[in-house]
Amino acid sequence: MKLHDWLKWAAVISAVCIFGVMYITRDNGMEEPYIQELSSEEMSEHPESILTSAFLYVEVCGCVNTPGVYEVPEGTRVYQVIEMAGGLKEEAGPGTVNQAEAVTDGQQIYIPSKDEEILQSESMGNGLININKASMEELMSLPGIGQSKAEAIISYRDSVGRFINIEDIMNVSGIKDAAFNKIKELICV
């Protein structure tokens, strides 16, 4: 093998090695979650501070182009998560969604269609109580709904997600046919 050929091969092998090392050690732009290191003394004094993550998980569904669960940094706003989900579909009616709100871990952001938004605004005009947004006081204004049932509705809503139709309220513990029949003309989603 000639010296010239040997130098070509050496250059190729060196370039491959350099690019390989660069590929393996590259920064892909993702920051690692912040992990606070505590001494054993600090751990016993502050057990809630053992692990601090700078990321939240938020579900975006409804009229967005790419619904799903997104990992976002703390301080992210609803509009930013909607952008991550590919933006709004043409039939989206985002008027009922506060896009400036900061997201929380485990939050579900539902973007209604324009038709759902119209129905919702008509329902609100009729004095109906939206069981997806009602406060405890508003829920307790319904016949047969006391504090414990109102708390159960809010707890269900927080853990399972929004009610798709008014009949879904019967999935809440303590609300069956009799209770539903008392409130079905007074509620909306």
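Residues numbered from 1 in each chain as written. Predicted model: local features only at pLDDT ≥ 70, side-chain atom pairs only at ≥ 80, totals over all residues. Heavy atoms only, no water.

K.L.:
If you had to explain the overall build of the chain to someone new, which residues and values would you point to?
P.N.:
Each helix and strand counted, the chain has seven helices and five strands in total. Sequence-ordered secondary structure for the chain, helices as α and strands as β, is α-α-β-β-α-β-α-β-α-α-α-β. For the chain, the proportion of contacts with a sequence separation of at least 24, taken over those separated by at least 6, is 40%. Accessible surface for the chain amounts to roughly 12,600 Å². Of this, 56% is attributable to carbon and sulfur atoms. (Helix = DSSP H or I, 4+ residues; strand = E, 2+ residues; numbered from the N terminus. Contact = heavy atoms within 4.5 Å. Areas by Shrake-Rupley, 256 points an atom, 1.4 Å probe, with all protein chains shown as cover.)

K.L.:
Got a sec to walk through the nonpolar core? Specific residues and values, please.
P.N.:
If you look at the biggest cluster of nonpolar residues, it comprises 19 residues, and the most contacted ones within it are Leu139, Ile145, Ile153, Ile169 and Ile187. Among the secondary structure elements, those contributing two or more residues to this core are helix H6 (147-160) and helix H7 (177-183). The biggest single contributor to this core is H6, with four residues. Beyond its immediate chain neighbours, meaning those up to four positions away, Ile169 contacts Ile131, Ile153, Phe163, Ile175, Phe180, Ile183 and Ile187. In terms of nonpolar packing, the next biggest core, distinct from the first, is built from 16 residues, Val60, Cys63, Val81 and Val103 among them. (Core = buried A, V, L, I, M, F, W, Y, C linked by side-chain atoms within 4.5 Å. Buried < 20%, exposed > 50% of the residue type's maximum accessible area, 1.4 Å probe, protein only.)

K.L.:
Summarise the state of the cysteines; cite the residues concerned and give the values.
P.N.:
Inspection of every chain in the model, using the stated rule, returns zero disulfides. The thiol sulfur of Cys61 is not disulfide-bonded, and the nearest other cysteine sulfur, from Cys63, lies at 9.9 Å. (Disulfide = S-S within 2.5 Å.)

K.L.:
Outline the sheet that holds strand E3 (residues 108-111), supporting the account with residue identities and numerical values.
P.N.:
Backbone-to-backbone hydrogen bonds pair the strands of a sheet. The strands run either parallel or antiparallel. Strand order in the open sheet formed by three strands is E2-E1-E3, with mixed pairing between adjacent strands. Looking at which strands have only one partner, the edges of the open sheet turn out to be strand E2 (68-73) and E3. On average, adjacent strands in this sheet sit at an angle of 30 degrees to one another, irrespective of strand direction. The pairing of strand E1 (residues 55-62) with E2 spans six bridges and is classified as antiparallel. Within the sheet, the bridge partner assigned to Glu59 lies in E2 and is Val69. (Pairing = 2+ DSSP bridges. Axes fitted to C-alpha atoms, helices over the stretch in contact; angles between N-to-C directions.)

K.L.:
Kindly report on the packing of aromatic side chains, identifying the contributing residues and their values.
P.N.:
In this structure the tally under the stated criterion is one aromatic pair. Judged by centre distance (5.3 Å) and plane angle (15 degrees), the rings of Tyr156 and Phe163 are stacked. The exposure classification of Tyr156 matches that of Phe163, with both residues buried. Lying over the aromatic face of Tyr110, Arg162 brings its terminal NZ or CZ to 4.0 Å of the ring centre. (Phe/Tyr/Trp six-rings, centres within 6.5 Å; stacked < 30°, edge-to-face > 60°. Lys NZ or Arg CZ within 6 Å of the ring centre and 35° of its normal.)

K.L.:
Just give me the short version of the pairing of E1, but keep the residues and values in it.
P.N.:
Joining the antiparallel neighbours E1 and E2 is a turn of five residues. Bridge count between E1 and E3: four bridges; the pairing is parallel. Opposite Cys61, over in E3, you have Tyr110 as the bridge partner.

K.L.:
Can you explain the side chain of Ser113? Please cite residues and give values.
P.N.:
The residue Ser113 is located in the loop between E3 and helix H4 (114-125) in this model. Taking relative accessible area as the criterion, Ser113 reaches 14% and is therefore assigned buried. The contact partners of Ser113, leaving out residues within four places of it in the chain, are Cys63, Glu91, Ala92 and Gly93.

K.L.:
Break down the environment of Asp158 for me, with residues and values.
P.N.:
When you line up the elements, Asp158 lands in helix H6. Note: C-alpha distance between Asp158 and Gln108 (50 residues apart in sequence) is 9.0 Å.

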